[in-house]
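Read off the chains here:
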Amino acid sequence: MDISKDKLLEMYRTMQKIRHFESKARDLAMAAELPGFVHVSIGEEASATGVCAALRKTDRITSNHRGHGHLIAKGGRLDRMMAEIFGKRTGYCKGKGGSMHIVDYSLGILGANGIVGAGLPIATGSALGAVIAGKDDVTVAFFGDGASNEGTFHESLNLAAVWKLPVVFVCENNGFGEFTPMATVTSVKDIAVRAKAYDIPGHIVDGNDVLEVFRYTSEAVARARAGEGPTLLECKTYRWEGHVVGEQAFLGDGSYREQSEVEEWKRKCPLIRFEKWCAESGKISSAELNKIIAETEKELADAVEFARSSELPAPSEVTDDVYA
Ligand SMILES: Cc1ncc(C[n+]2csc(CCOP(=O)(O)OP(=O)(O)O)c2C)c(N)n1
């Protein structure tokens, strides 16, 4: 697949933005500067980036509790996201949504979601909505391997297959559901084979290779836009950090994985992998990549400053914009 240089640079910028945002969110949460739970996706940048690089602005996504990367990849601004996780009025949801509920309809971001598996039926409904409206927009549902054991996964794939809806189901298989290794609770080795049960295409994708993710998603999106129905993609990846920032405080010594496994996956870093590819293919110079890193550092520093200096919502506004 021929990918333009601008597209490649855009993908690298997105991965750097996610890495920087997530590292800072982890540090701020550890320093008790952020309220609420924070789940970061360091190590998983290539799947969010490769998937969203294959979408148009009018396409839509649903996300989960580990959603910052998806939202950044779909065009979310670092400053408004940072303000939201600080609980500030200038955030995407006026500081009332927090890390797990960031929404921006104008970017096609239908929302992160703290309920495991909840994004799949929403994406399926969004895809049906596009069909009814006569539009060829596609919706992507991001979810984890743990969510693929929820009833909503099976109901959504079935209905989307029966009605040939324009939806792409993207499972980010990072090996764990909270502190439980996937293999101990999941009947299959590869989530992608579950597509067979619904007679739709299912592909195992190297989730740390942004170019491979982009290729598979582009095919699935083209299929969906052409009215041929849904696809299930399983991006194999790994989370470097804990399930939730600060989990050591309640896990104590009871770790659920070997540190050597974490180190092994760090060697498969999606950003370093892309940098190597740039050097070997000669498509992008290290000076061009370094410029992007410097710009991202500045953008992130400004975002943190914006969030810190923004106001908290007033207590009297607590029920404004609340619908249930
Ligand atoms: C319906 C529901 N059940 C359980 C939980 C508690 N919970 C939060 S995250 C999580 C694990 C989800 O694992 P996975 O879908 O693989 O996503 P990952 O955290 O690995 O990215 C669980 C069980 C929840 N939030 N919602």
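Residues numbered from 1 in each chain as written. Predicted model: local features only at pLDDT ≥ 70, side-chain atom pairs only at ≥ 80, totals over all residues. Heavy atoms only, no water.

1. With respect to unusual backbone geometry
Part 1: Phi at alanine 32 takes a positive value of approximately 60 degrees, unusual for a residue other than glycine.
Part 2: In this structure, alanine 32 sits in the loop between helix H1 (5-30) and helix H2 (45-52).
Part 3: Here glutamate 178, not a glycine, exhibits a phi torsion of approximately 50 degrees, which is positive.
Part 4: Assignment of secondary structure puts glutamate 178 in the loop between strand S4 (176-177) and strand S5 (180-181). (Helix = DSSP H or I, 4+ residues; strand = E, 2+ residues; numbered from the N terminus.)

2. Re the pairing of strand S2 (residues 139-144)
Part 1: Buried residues dominate S2, accounting for six of its six residues.
Part 2: Where burial is concerned, the two faces of S2 agree: the one with Thr139, Ala141 and Phe143 and the one with Val140, Phe142 and Gly144 are both buried.
Part 3: Two strands pair when backbone bridges link them, and strand S1 (residues 60-62) and S2 are joined in this way by three bridges, in the parallel orientation. Bridge pairing in S2 places arginine 60 opposite threonine 139.
Part 4: Sheet topology note: the S2/strand S3 (residues 167-173) ladder contains six bridges and is parallel. If you follow alanine 141 over to S3, its bridge partner there is phenylalanine 169.
Part 5: Between the parallel elements S2 and S3, the chain passes through helix H6 (residues 151-162) in a crossover that is right-handed. (Buried < 20%, exposed > 50% of the residue type's maximum accessible area, 1.4 Å probe, protein only. Pairing = 2+ DSSP bridges. Right-handed = clockwise from strand over helix to strand, strands pointing away.)

3. Considering the pairing of strand S6 (residues 202-206)
Part 1: Judged from the five bridges that link them, S6 and strand S7 (residues 231-236) form a sheet pairing that is parallel. In the strand pairing of S7, isoleucine 204 is matched with glutamate 234.
Part 2: Taking the sense of rotation as the criterion, the β-α-β connection linking S6, helix H7 (residues 210-225) and S7 turns out right-handed.

4. A few points about a nonpolar patch on the surface
Part 1: On the surface, a cluster of nonpolar side chains totalling about 300 Å² of accessible area is made up of Leu159, Val162 and Trp163.
Part 2: By the secondary structure assignment, tryptophan 163 is in the loop between H6 and S3.
Part 3: When its relative accessible area of 47% is taken as the criterion, tryptophan 163 is described as partly exposed. (Patch = residues over 30% accessible without salt bridge, like charges linked within 9 Å, V, L, I, M, F, W, Y side chains within 5 Å. Areas by Shrake-Rupley, 256 points an atom, 1.4 Å probe, with all protein chains shown as cover. Salt bridge = Lys/Arg side-chain N within 4 Å of Asp/Glu carboxyl O.)

5. A few points about the environment of phenylalanine 21
Part 1: Following the sequence through the fold, phenylalanine 21 ends up in helix H1.
Part 2: Residue phenylalanine 21 is classed as buried on the basis of its relative accessible area of 0%.
Part 3: When the C-alpha atoms of phenylalanine 21 and glycine 69 are compared, they prove to be 8.5 Å apart, with 48 residues separating the residues in sequence.
Part 4: In contact with phenylalanine 21, not counting residues within four places along its chain, are His68, Ile72, Leu78, Met81, Met82, Ile85 and Leu300. (Contact = heavy atoms within 4.5 Å.)

6. Let's talk about the environment of serine 309
Part 1: Examined against the element boundaries, serine 309 turns out to sit in helix H11 (residues 286-309).
Part 2: Judged by its relative accessible area of 53%, serine 309 is exposed.
Part 3: For serine 309 and threonine 90, which are 219 residues apart along the polypeptide, the C-alpha to C-alpha distance reads 9.9 Å.
Part 4: At a separation of 2.8 Å, a polar atom in the side chain of serine 309 contacts the main-chain carbonyl oxygen of glutamate 305.
Part 5: Looking at serine 309, its side chain comes within polar contact range of the main-chain oxygen of phenylalanine 306, at 3.4 Å. (Polar contact = N/O pair within 3.5 Å; in protein donor to acceptor, adjacent residues only side chain to side chain.)

7. Brief notes about the nonpolar core
Part 1: Core analysis: the largest hydrophobic core is formed by 69 residues, its most contacted members being Phe21, Ile61, Met82, Val140, Val168, Val170 and Phe274.
Part 2: Counting residues per element, this core draws most heavily on H1, which supplies ten residues.
Part 3: Excluding residues within four positions of it along the chain, valine 170 makes contact with Val51, Val140, Ala141, Phe142, Phe143, Leu233 and Cys235.
Part 4: If you look at the next biggest cluster of nonpolar residues, it comprises 20 residues, including Ala127, Phe153, Leu157 and Cys171. (Core = buried A, V, L, I, M, F, W, Y, C linked by side-chain atoms within 4.5 Å.)

8. Thoughts on the site of the ligand
Part 1: Close to the ligand lie 15 residues; His65, Arg66, Gly114, Gly146 and Phe176 are nearest.
Part 2: In this structure, an oxygen atom belonging to the ligand sits 2.9 Å away from a side-chain N or O atom of asparagine 174.
Part 3: Interatomic distance of 2.7 Å between a backbone N/O atom of phenylalanine 176 and an oxygen atom of the ligand.
Part 4: In isolation the ligand has 580 Å² of accessible area, and contact with the protein removes 73% of it.
Part 5: Classifying every residue of the shell around the ligand gives four nonpolar, seven polar and four charged. (Near = heavy atom within 4 Å. Nonpolar A, V, L, I, M, F, W, Y, C, P; charged D, E, K, R; others polar.)

9. Section: H6
Part 1: For H6, built from twelve residues, the straight-helix expectation of 16 Å at 1.5 Å per residue is met to within 8% by its first-to-last C-alpha distance of 17 Å.
Part 2: Within the span of H6, buried status applies to Phe153, Ser156, Leu157, Ala160 and Ala161. Looking straight down H6, one finds that the buried residues subtend no more than 125 degrees of arc, so they occupy a single side. Facing away from the buried side of H6 by over 90 degrees, the exposed positions are Glu155 and Val162.
Part 3: Buried residues in H6 make contact with helix H5 (119-132), S2, S3 and S7. (Expected span 1.5 Å × (residues − 1). Arc of directions from axis to C-beta.)

10. A look at the side chain of aspartate 145
Part 1: Relative to the elements of secondary structure, aspartate 145 occurs in the loop between S2 and H6.
Part 2: Among buried Asp, Glu, Lys and Arg side chains, aspartate 145 stands out as unpaired, with arginine 239 the closest opposite charge at 7.8 Å.
Part 3: Among the polar contacts listed, one links the side chain of aspartate 145 to the backbone nitrogen of asparagine 174, at a separation of 3.2 Å. (Lys, Arg positive; Asp, Glu negative; His and termini not counted.)

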